[in-house]
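# Reading the structure
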Amino acid sequence: MSKNRDDATLRVYAALEQYERALDIAAKQGALLAAELPQARLDGNFALEVAQGAFTHFFNSLSTIIEARGQVVEGHRELAVVQRKFNLPVVSTGDKGTIPKLPIDNGESFPRRVA
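Described below are features of the structure shown in this document.

Thresholds, definitions, all that
- Residues numbered from 1 in each chain as written.
- Predicted model: local features only at pLDDT ≥ 70, side-chain atom pairs only at ≥ 80, totals over all residues.
- Heavy atoms only, no water.
- Helix = DSSP H or I, 4+ residues; strand = E, 2+ residues; numbered from the N terminus.
- Buried < 20%, exposed > 50% of the residue type's maximum accessible area, 1.4 Å probe, protein only.
- Contact = heavy atoms within 4.5 Å.
- Areas by Shrake-Rupley, 256 points an atom, 1.4 Å probe, with all protein chains shown as cover.
- Patch = residues over 30% accessible without salt bridge, like charges linked within 9 Å, V, L, I, M, F, W, Y side chains within 5 Å.
- Salt bridge = Lys/Arg side-chain N within 4 Å of Asp/Glu carboxyl O.
- 1 Å grid on protein atoms, 1.4 Å probe; cavity = no way out; pocket = protein on both sides within 12 Å on 5 of 7 lines; lining within 4 Å.
- Points joined across faces, edges and corners; volume = space filled by probe spheres on them.
- Nonpolar A, V, L, I, M, F, W, Y, C, P; charged D, E, K, R; others polar.

## Some thoughts on the overall build of the protein
When helices and strands are tallied, the protein shows two helices and two strands. Taken from N to C terminus, the helices and strands of the protein fall in the order α-α-β-β. Residue burial in the protein is summarised as follows: out of 115 residues, 21% are buried. Pairs at least 24 apart in sequence give 67% of the contacts found in the protein among residues at least 6 apart. Summed over all atoms, the accessible surface of the protein reaches about 8,300 Å², with 59% contributed by carbon and sulfur.

Structure below.
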């Protein structure tokens, strides 16, 4: 049973790392778009009201991504409670400065288990 739980823990961790990474990439791309929109208006010498609806939607979508990130942080905290309650393995991918791409479950190795 313990091996199954350990394996399940590692799969969840790998999927969570991928999800967090995807959210950060989406946030970065949204921020780049948010920076481009006003510059495009200035460069094109458009009136301020041109494409205001699009501006609003894109900026709101970025806000939604940031809120989603916060929800993932809260989910992370909830999983930590489960990890402690059931004495599941603590996993680590090492230095957060260089986050490796993690496999979901394609036969490759999972993140290492840390005592």
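## Some points on a nonpolar patch on the surface
Together, Leu 33, Phe 58 and Phe 59 line one region of the surface with nonpolar side chains, adding up to about 250 Å² of accessible area. Here Leu 33 lies in helix H1 (residues 2–44). Judged by relative accessible area, which is 33%, Leu 33 ranks as partly exposed.

## Looking at the pattern of salt bridges
Side chains carrying opposite charge are able to pair once their charged atoms draw close together. Following the criterion strictly, the structure yields three salt bridges and no others. Here Lys 3 ties to Asp 7 by a salt bridge, and the two come within 2.9 Å at their closest N and O atoms. One end of the pair is Lys 3 and the other is Asp 7, both in helix H1 and four residues apart, which spans about a single turn. A salt bridge links Asp 24 to Arg 69, with the nearest nitrogen and oxygen atoms 2.5 Å apart. With Asp 24 in helix H1 and Arg 69 in helix H2 (residues 52–85), this residue pair connects regions lying 45 residues apart in the sequence. A residue is classified by how much of its surface remains accessible, and Arg 69, at 37% relative accessible area, is partly exposed.

## Observations concerning the environment of Lys 28
Positionally, Lys 28 belongs in helix H1. Along the sequence, Lys 28 and Ile 65 sit 37 residues apart, while their C-alpha atoms lie 10.0 Å from each other.

## Topic: the layout of surface pockets
Counted as a void, the largest pocket has a volume near 380 Å³. Lining of the largest pocket is provided by 15 residues; of these, Thr 9, Leu 79, Ala 80, Gln 83 and Pro 89 occupy positions nearest its centre. Breaking the lining of the largest pocket down by element, the ones donating at least two residues are H1, H2 and strand E1 (90–92). Sorting elements by how many residues they give to the lining of the largest pocket places H1 first, with six residues. Its residues assigned to classes, the lining of the largest pocket comprises eleven nonpolar, three polar and one charged.

## Some details on the environment of Asn 87
As for its position among the elements, Asn 87 is in the loop between H2 and E1. With relative accessibility at 67%, the residue Asn 87 sits in the exposed group. Measuring from C-alpha to C-alpha, the distance between Asn 87 and Arg 5 comes to 9.8 Å, with 82 residues separating the pair along the chain.

## Points about unusual backbone geometry
With phi around 55°, Asn 45 is a residue other than glycine that occupies positive phi space. Residue position: Asn 45 is located in the loop between H1 and H2. We note that Ala 51 has phi near 65°; this positive angle belongs to a residue other than glycine. Among the structural elements, Ala 51 can be located in the loop between H1 and H2. By relative accessible area, Ala 51 is classed as partly exposed at 40%.

Honestly, that's just the spatial picture; any functional story needs more than this.
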